[in-house]
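# Reading the structure
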Amino acid sequence: MKKRKMTDRELTFLLITIPVVALFFCFNTLPLIKGFMYSFTNFKGYGDYDWVGLRNYKDLFGDSRVGKSYLFTFKYAVVGTIVVNVISLILALGLNGKIKGKNVLRGIYFIPNILGGLVIGYVFGFFFTYILSQMGKALGISFLSTSILSRTSTAWIGIVIVGAWQAIAMNTIIYISGLQTVPEDVYEAGSIDGATGWKSFKHLTFPLIIPFFSINMVLCMKNFLMVFDQIMALTKGGPSQSTESISYLIYQNGMSGGQFGFQSANAVVFFVVIVAISVFQMTASSKKEEQL
């Protein structure tokens, strides 16, 4: 059988993809492989190193600081994901309705997603530290008289507020896209059967936007688990390491703390955890869609 020669068009497409694949390998795949390799060493980020086998992975499970960072990260991710999806869905329902200037409002709601996380963090840090505390003093509210970022019991709330404020924009747009795929005939048929208001949403709208809900849940959980910018701008892991996320711990101790090998092992474990959670979410969502 004679082999078919590659056309000029196909050759052009191949030549275009080669630089992209090369860049992806150099800046994504290669660092991932090297990080996995360093996780089996005592590399400090400079100088020589020795192979230590699985010692870094064993030490991870006995490190209280690592355990504390995982607990904070999971708490932050779960709370943030719930808050963002509830508010985003409510906003999407409102912006999808028959209101004047809804296209302009959609653009306004999307602005937080465009701004950088560090910029937003510094702005909110100033707000929490100076403006909100002064308002609390003026109103005689002791809870707000000092910055919520300065207390171990409330600092994480400030980070959730900032993270949610920025994440709501994208989730709202995705929900709006899902709501626009629901045919009007469905609501007309439902109204005949008496399905209005909450019943209409529960039995008609939500089941039809389950795929979009699944996408938002997976993306939102992943992004919140990888929180870094807000921590860096607002608390730098404080006070008393109460808001130290896994990503921030890997950066802080891996880059400047002389634990490059150890934190590389932490990064590998964290990567596996994120993949496992994402797969679990997608599997659970798929089963839910099949049931509906």
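Worth saying up front: this structure is predicted, and the values here are computed from it rather than measured. (Residues numbered from 1 in each chain as written. Predicted model: local features only at pLDDT ≥ 70, side-chain atom pairs only at ≥ 80, totals over all residues. Heavy atoms only, no water.)

### Observations concerning the side chain of Thr172
Within the fold, Thr172 resides in helix 6 (residues 155-179). For Thr172, a relative accessible area of 2% gives the class buried. At 2.7 Å, the side chain of Thr172 and the backbone oxygen of Ile168 are in polar contact. In contact with Thr172, other than residues within four places in its own chain, are Ser88, Leu91, Ala92 and Leu95. (Helix = DSSP H or I, 4+ residues; strand = E, 2+ residues; numbered from the N terminus. Buried < 20%, exposed > 50% of the residue type's maximum accessible area, 1.4 Å probe, protein only. Polar contact = N/O pair within 3.5 Å; in protein donor to acceptor, adjacent residues only side chain to side chain. Contact = heavy atoms within 4.5 Å.)

### Concerning the pattern of salt bridges
Enumeration over the complete set of coordinates arrives at 1 salt bridge. Arg65 serves as the salt-bridge partner of Glu244, at 2.6 Å between the closest nitrogen and oxygen. With Glu244 in the loop between helix 10 (229-234) and helix 11 (246-255) and Arg65 in helix 3 (residues 64-95), this residue pair connects regions lying 179 residues apart in the sequence. For Glu244, a relative accessible area of 3% translates into the label buried. What makes Arg65 partly exposed here is its relative accessible area of 27%. (Salt bridge = Lys/Arg side-chain N within 4 Å of Asp/Glu carboxyl O.)

### A short note on the nonpolar core
Among the nonpolar cores identified, the biggest contains 39 residues, and Tyr76, Val84, Phe128 and Phe224 are the most heavily contacted of them. Only helix 2 (55-60), helix 3, helix 5 (117-139), helix 6, helix 9 (210-225), helix 10, helix 11 and helix 12 (260-291) provide two or more residues apiece to this core. The element best represented in this core is helix 6, accounting for 7 residues. In terms of nonpolar packing, the next biggest core, distinct from the first, is built from 9 residues, Leu89, Ala92, Tyr175 and Phe201 among them. (Core = buried A, V, L, I, M, F, W, Y, C linked by side-chain atoms within 4.5 Å.)

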